[in-house]
Amino acid sequence: AVGDGYNETQVYSQVIIRTSTTTPKWHLITRYIALFDTSTIQGKFIIQGATLSLWGTEKYQGLSANPEIAIYASNPASNTGLAATDYSTIGVLIRSNALKYSDYVVNGWNDFTLNSDGIALIARNPITKLALRLVNDAADTPPSWANDKFDGFGFKTAEAVDTSHKPKLVVTYENITGGGAQII
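Analysis parameters
Note on numbering: residues in each chain are counted from 1, in written sequence order. Under the rules for a predicted model, residues below a pLDDT of 70 receive no local features and side-chain atom pairs below 80 are neither given nor counted, while totals for whole chains, interfaces and linings still include all residues. Side-chain numbers come from the whole structure's heavy atoms, not from hydrogens or water. By convention a nonpolar core is built from buried Ala, Val, Leu, Ile, Met, Phe, Trp, Tyr and Cys residues, the set being connected through side-chain atoms within 4.5 Å. Remark: exposure states derive from per-residue accessible area (1.4 Å probe, protein chains only) relative to the maximum for the residue type, with buried under 20%, exposed over 50%, and partly exposed in between. In this text, helices come from DSSP runs of H or I with a minimum length of four residues, and strands from runs of E with a minimum of two, each type numbered from the N-terminal end. Side-chain rings of Phe, Tyr and Trp, where Trp is taken by its six-membered ring, are said to pair if the distance between their centres is within 6.5 Å; with planes under 30 degrees apart they count as stacked, over 60 as edge-to-face, and otherwise as tilted. Residues count as neighbours in contact if any of their non-hydrogen atoms are within 4.5 Å of one another. Contacts described as polar in this section are N or O atom pairs within 3.5 Å, which, within protein, must combine one atom able to donate a hydrogen with one able to accept it, while residues neighboring in sequence count only if both atoms come from side chains. Patches in this entry comprise residues that are over 30% relatively accessible and not in a salt bridge; like charges within 9 Å are linked, as are nonpolar side chains (Val, Leu, Ile, Met, Phe, Trp, Tyr) within 5 Å. Note on areas: Shrake-Rupley with a 1.4 Å probe; residue coverage comes only from the protein chains shown. Should a side-chain nitrogen of Lys or Arg be within 4 Å of a carboxyl oxygen of Asp or Glu, the pair is scored as a salt bridge.

Chemist: Break down the nonpolar core for me, citing the residues and quoting the values.
Modeler: With 29 residues, the main nonpolar core has Leu52, Ile69, Phe112, Leu132 and Leu169 as its most contacted residues. Mapped onto this core, the elements with two or more residues apiece are strand 1 (12-19), strand 3 (32-37), strand 4 (45-61), strand 5 (68-73), strand 8 (127-134), strand 9 (150-156) and strand 10 (168-175). The dominant element in this core, judged by the number of residues it contributes, is strand 4, at five residues. With seven residues, the next largest nonpolar core counts Ile90, Ala131, Val135 and Ala138 among its residues.

Pasting the structure below:
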């Protein structure tokens, strides 16, 4: 069934689309929900920009010429855990730049700069809810089918043991008393 599984304890994750060995069936599509506590940004302020950075672990190109990944909105039922029903809460409007397969870095940082629609997702209190998905998944335009192939991207998660490679959200804002930037 669509969206019937989730894992909230992996040290890395993938956003992929994969075909089955039965023509023309699809095996799975995965998406990733990222929650950030942005409650530390208090007071009257104007958010000037935000960047989500992920440490790339792998990339796959078996179906599309140049698959892309981007940030989207999410609205999970809980701020502290995932449920299977959260899969369907991920939006279809791109909220950042899209990174192509050719630009995605393995063993390095991948930066997603939020656009104005993405900046609007930064919660002033308490949790910012973002998601990653393949652009063709959001656009409902699957790549051409091929036997047992997949496109996708892998990255470290917040559960990573190596704390220097966890996802990070950097929010730049202007406060009445002066500007600032905060890594969340």
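Chemist: Provide a residue-level description of the packing of aromatic side chains, including the pertinent values.
Modeler: The geometry of an aromatic ring pair comes down to the distance between the two centres and the angle between the two planes. On inspection of all chains with the given rule, the structure shows five aromatic pairs. Between tyrosine 32 and phenylalanine 155, the ring centres sit 4.9 Å apart and the planes meet at 75°, which makes this aromatic pair edge-to-face. On the criterion of sequence distance, the pair formed by tyrosine 32 in strand 3 and phenylalanine 155 in strand 9 is long-range, its members being 123 residues apart. The class of tyrosine 32 is buried, set by a relative accessible area of 12%.

Chemist: Any details on the environment of glutamate 58? Residues and values, ideally.
Modeler: Note that glutamate 58 resides in strand 4. Look past the residues within four positions of glutamate 58 in its chain and what remains in contact with it is Tyr12, Gln14, Tyr104, Val106, Phe153 and Gly154. Side-chain polar atoms of glutamate 58 contact the side chain of tyrosine 60, separated by 2.5 Å.

Chemist: Help me get a handle on the side chain of asparagine 136, residues and values and all.
Modeler: Within the secondary structure layout, asparagine 136 lies in helix 2 (residues 135-138). Once residues lying within four places of it in the same chain are set aside, the contact partners of asparagine 136 are Ser64, Thr141, Pro142 and Pro143.

Chemist: Describe the environment of lysine 168, and please don't skip the residues or the numbers.
Modeler: Tracing the backbone shows lysine 168 in strand 10. The partly exposed category is assigned to lysine 168, whose relative accessible area is 27%. Each C-alpha atom of the pair lysine 168 and aspartate 111 lies 9.6 Å from the other, and the pair is 57 residues apart in sequence.

Chemist: How would you sum up a nonpolar patch on the surface? Please name residues and give values.
Modeler: A surface patch of nonpolar side chains, about 300 Å² in accessible area, is lined by Val11, Tyr12 and Val161. As for its placement among the helices and strands, valine 11 is situated in the segment before strand 1. On the basis of relative accessible area, valine 11 is assigned to the partly exposed category, the value being 37%.

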